[in-house]
Every structure is written in structure tokens, then in C-alpha cells.
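So the chains spell out like this:
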Amino acid sequence: MFHVSLLEPFHGNTIPGRQAPPPPPIIVEGEVEYEVETILDSRWYHGKLQYYIDWKGCKPHERSWEPATNVVHCRELLEQYHRENPSKPSPDKVAPGGRS
């Protein structure tokens, strides 16, 4: 513990062009994982469901398409995405060509 008088106000980065590094990965069930900020899109790719992920603390150019099997620890974000985008590919829909 420490006294409140020792606290100082936060001052953001004042160096132009300087960027904070992305947050470190977290360990879930012994595996390294990065935190999902937002699910932006979904698609069928070679008969497999994929999600377009915006990673927490990362830049837009670092977004990536990930297999649905890699996006299992963000259930609330998945449910929200499918609730807001009912016409997009989802695990409940059959992939084009009859594969699911």
C-alpha cells in the first residue's frame, strides 16, 4: 500500500510517431493466445468457417482471418457478432457445396 499523495496524473506519449507495443499474449490452457478486440467478418474458406479478427492493441494491418477452431475462447464476442450479422456464415449454416 502507499499514500495517495504519491500518485501522479497520467501523461500520454508526447513523442511524435512513437507507438506503444501491442499487449503480450496470454496463456490459456497452456497455449499462447492473443486477445480478440472485435470480430469483423466471417466466411467459408475451403469448406471451413473463418473469422476476420481485430486483435486487442494491434494495428488494422495486423488483422487476420482465423479458423473458427482458433476463436473458441471469446464466446460472448462470437454470439454478439452472429446476433448482429445473422446473414453471415456461422457454425449453424452449411458451407457452400454442402460441407459444414
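We now turn to the structure provided with this report. Small disclaimer: the values here were computed from a predicted structure and weren't measured. (Residues numbered from 1 in each chain as written. Predicted model: local features only at pLDDT ≥ 70, side-chain atom pairs only at ≥ 80, totals over all residues. Heavy atoms only, no water.)

### Some remarks on the sheet that holds strand β4 (residues 48-55)
Where we set the bar: A pair of strands is labelled paired if DSSP reports no fewer than 2 bridges between them. Labels follow the DSSP assignment, with helices taken as runs of H or I lasting at least four residues and strands as runs of E lasting at least two, numbered in each case from the N terminus. Axes here mean lines fitted to C-alpha atoms, for a helix over just the part in contact, with angles spanning 0 to 180 degrees between N-to-C directions. Residues count as neighbours in contact if any of their non-hydrogen atoms are within 4.5 Å of one another.
Across the sheet, which stays open at both edges, the three strands sit in the order β3-β4-β5 with antiparallel pairing between neighbours. Each having just a single partner strand, β3 (36-45) and β5 (64-67) make up the two edges of the open sheet. Averaged over all neighbouring strand pairs, the angle between strand axes comes to 35°, with direction disregarded. In the sheet, β4 pairs with β5 via four bridges, with the strands oriented antiparallel. From the neighbouring strand, Tyr 52 faces β5, where its bridge partner is Trp 65. Contacting β3 and β4, helix α1 (residues 75-84) crosses the sheet at an angle of about 60° to β3.

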